[in-house]
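Per-entry structural report
Now for the letters of each chain:
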Amino acid sequence: TKSVVAIFAIAALPIIMLWRNEYQGFALIRLWQGVALAVLLALPWHLYEWAKWGSEFWHSYIGVTVLERYQSNLFIDPNLQTDYWARLLDYARPEFALFLLAVVVAIFLRHPHYNKVLGGIVSLMVFMIFIFFSAQTRALSYLLPLYPLAALVVGLSVSLFVHYCHSGSKTNATLTS
């Protein structure tokens, strides 16, 4: 069931490319080579399971482990559903504060290239949060893919801030390669 989370990785690239107005990115040969490699790696297992179990595999793989989990509470304690934000912030308070600080720094420095990347990443994060919170399951582990995205925002903000400090001007601040 964790492979379903990979859909968000697939969604990340077009979202960020659209924010950056880089439509030519869809024509990049490396992009399609990566997609082909991903399919090549995932396809044999799916074909094997399909051959072994037939349509029951797809029913179990998509129907039970994805759709039914999305629509049902897996936990005995209903409080795990209602105090979700409080529990999430208990576990991720330092990371959440650092992420918010990084967003504020990026907004303050107003770098056009970075703001496009930031907009794409934050849009993806909001989309992921919407999907996860619309699910009845709401397991804390479902939000783990947000951590690398938040770390990326923090890293880019630190890079931008360091460059800003060295250049002494917001207009001269550029992202390091």
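Residues numbered from 1 in each chain as written. Predicted model: local features only at pLDDT ≥ 70, side-chain atom pairs only at ≥ 80, totals over all residues. Heavy atoms only, no water.

1. What to know about a nonpolar patch on the surface
Taken together, the side chains of Trp32, Val35, Val39, Leu43, Leu47, Trp50, Trp58 and Ile62 present a nonpolar region at the surface, about 730 Å² in accessible area. Sorting the residues of the nonpolar patch by element identifies α2 (29–53) and α3 (55–71) as the ones contributing at least two each. When residues in the nonpolar patch are grouped by element, the largest group, 6 residues, is from α2. With respect to the secondary-structure elements, Val39 resides in helix α2. On the basis of relative accessible area, Val39 is assigned to the partly exposed category, the value being 45%. (Patch = residues over 30% accessible without salt bridge, like charges linked within 9 Å, V, L, I, M, F, W, Y side chains within 5 Å. Areas by Shrake-Rupley, 256 points an atom, 1.4 Å probe, with all protein chains shown as cover. Salt bridge = Lys/Arg side-chain N within 4 Å of Asp/Glu carboxyl O. Helix = DSSP H or I, 4+ residues; strand = E, 2+ residues; numbered from the N terminus. Buried < 20%, exposed > 50% of the residue type's maximum accessible area, 1.4 Å probe, protein only.)

2. Regarding the packing of aromatic side chains
For the coordinates displayed, the defined rule picks out 4 aromatic pairs. Ring geometry for Trp45 against Phe57: centres 5.5 Å apart, planes inclined by 75°, an arrangement best described as edge-to-face. Placement of the pair is Trp45 in helix α2 and Phe57 in helix α3, with a sequence separation of 12 residues. Overall, Trp45 belongs to the partly exposed group, its relative accessible area being 42%. Among the aromatic side chains, those forming a connected cluster through ring pairs are Trp45, Trp50, Phe57 and Trp58. (Phe/Tyr/Trp six-rings, centres within 6.5 Å; stacked < 30°, edge-to-face > 60°.)

3. Focus on the nonpolar core
Judged by nonpolar contacts, the single largest core of 23 residues is most densely connected at Met125 and Val153. For this core, the secondary-structure elements that each account for two or more residues are α5 (84–109), α6 (112–134) and α7 (146–167). Per-element tally for this core: the top contributor is α6, with 9 residues. Residue contacts for Met125: discarding those within four places in its chain leaves Phe99, Leu146, Leu149 and Ala150. (Core = buried A, V, L, I, M, F, W, Y, C linked by side-chain atoms within 4.5 Å. Contact = heavy atoms within 4.5 Å.)

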